[in-house]
Amino acid sequence: MCIPQEKYSNKTQLKNTSPNYTLFYRIFQFIGLLLICSVYYWIINYRGGFSLTKAKLIPNWHPIFMTIVLIYLFANAILHYRSFRDTKRNLKNQHAIFFGCIIIILTVAGIATLGSKRFRPLFTNPAIPNLYTLHSWLGIITMAMLLLQFASGLWIYLYPTVADQYREIMMPYHVFFGVSSFVLAIASGGLGFCEKMIFSLYREYEQFPAEGIIGNCIGLLCILYGILVVYMVTKPEFKRCPAPEYQPLI
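Predicted, not measured: the structure shown is a model, and the values here were computed from it. (Residues numbered from 1 in each chain as written. Predicted model: local features only at pLDDT ≥ 70, side-chain atom pairs only at ≥ 80, totals over all residues. Heavy atoms only, no water.)

The subject of this paragraph is the UniProt feature "transmembrane region" (unreviewed entry) in the protein chain. Feature annotation in UniProt places "transmembrane region" (unreviewed entry) on residues 23-44, 64-84, 96-116, 136-159, 171-193 and 213-233, given in this structure's numbering. Secondary structure content for residues 23-44 is 100% helix and 0% strand, and the end C-alpha separation is 32 Å. Measuring from the first to the last C-alpha atom of residues 136-159 gives 33 Å, for a span that is 96% helix and 0% strand. (UniProt positions renumbered as here; feature names shortened; annotations may be inferred. Helix = DSSP H or I, 4+ residues; strand = E, 2+ residues; numbered from the N terminus.)

Okay, here's the thing in structure tokens:
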């Protein structure tokens, strides 16, 4: 089974004939926005807020940026084809723009995070070394996979001279590695929140402080969000049927 298609105007619309998908999409958006608000609340109330000049607060941009871009926007980009109705050309362009913006913001957030490490001796003694945790390794792998996905997607699905038969062959791999990248992003995010709790609270973490409980809830919310997105992507009933106007790009 799949979601039937119909002819659409040039305007992109959120139009789905499956009431179940519409319900799941609303839950998906609610949990995603709740996750962002929870991370913002945690940083404002327990981590001192945000700053571009105070060394101790510069790293606080990392979790909020990564939550917005690598989890929420990434999930919306994955579900874009199933959620919105437009011509295939427009959907492809929108999908590419989505990921282009994600990569740009990720690059800025990554540079800001690595750049803040030089200030760490000012407020951590000894200074915390770079890139030794599983969280950082998964983050680097996720961003590398995103870059490869973006580059290969531009060439295979938007480059005019690529034959349609090659696009059909590569589509299952494109979808698989896209979903795999998102799963890695969720795993990296969950590990990151756990890592932050341990590094920030140390032994106090064992006493169930309010910040520790909030951090654990954010991690669980992150995992729940990832499960929901993977379910919506892989459920056969939510797959779209081909529409007559969906012609290959030539």
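To continue, consider unusual backbone geometry. Its identity as a non-glycine residue notwithstanding, Tyr 202 has a phi of 55°, on the positive side. Checked against the element boundaries, Tyr 202 lands in the loop between helix H6 (164-201) and helix H7 (210-234). Since its relative accessible area comes to 60%, Tyr 202 is described here as exposed. The backbone of Phe 208 shows a phi angle near 55°, a positive value even though the residue is not glycine. Topologically, Phe 208 is positioned in the loop between H6 and H7. (Buried < 20%, exposed > 50% of the residue type's maximum accessible area, 1.4 Å probe, protein only.)

Moving on to the environment of Pro 63. Mapped onto the elements of the fold, Pro 63 is located in helix H2 (residues 61-78). Taking the C-alpha atoms as reference points, Pro 63 and Val 39, separated by 24 residues in sequence, lie 7.4 Å from one another. Each residue touching Pro 63, except ones within four places of it in the same chain, is listed here: Val 39, Trp 42, Ile 43 and Phe 193. (Contact = heavy atoms within 4.5 Å.)

What follows deals with H2. End to end, H2 covers 24 Å across 18 residues, agreeing with the expected 26 Å (1.5 Å per residue, within 8%). Of all the bends in H2, the greatest measures close to 25° and is centred on Thr 67. Along H2, 13 of the 18 residues are buried, which leaves the element largely enclosed by surrounding structure. (Expected span 1.5 Å × (residues − 1). Bend = angle between axes of the 7 residues up to and from the residue.)

All right, on to the side chain of Arg 82 then. Looking at the secondary structure, you find Arg 82 in helix H3 (residues 80-83). Looking at Arg 82, its side chain comes within polar contact range of the main-chain oxygen of Met 232, at 3.1 Å. (Polar contact = N/O pair within 3.5 Å; in protein donor to acceptor, adjacent residues only side chain to side chain.)

Across all of its chains, the model carries three salt bridges by this definition. For the salt bridge of Glu 206 with Arg 203, the shortest nitrogen-to-oxygen distance reads 3.2 Å. You can call Arg 203 exposed: its relative accessible area is 62%. (Salt bridge = Lys/Arg side-chain N within 4 Å of Asp/Glu carboxyl O.)

Turning to the environment of Glu 211, a few remarks are in order. Considering the arrangement of structural elements, one finds Glu 211 in helix H7. Sequence separation between Glu 211 and Trp 42 is 169 residues; the distance between their C-alpha atoms is 7.4 Å. When residues no more than four places from it in sequence are discounted, the contact partners of Glu 211 are Trp 42, Tyr 46, Arg 47, Met 197 and Leu 201.

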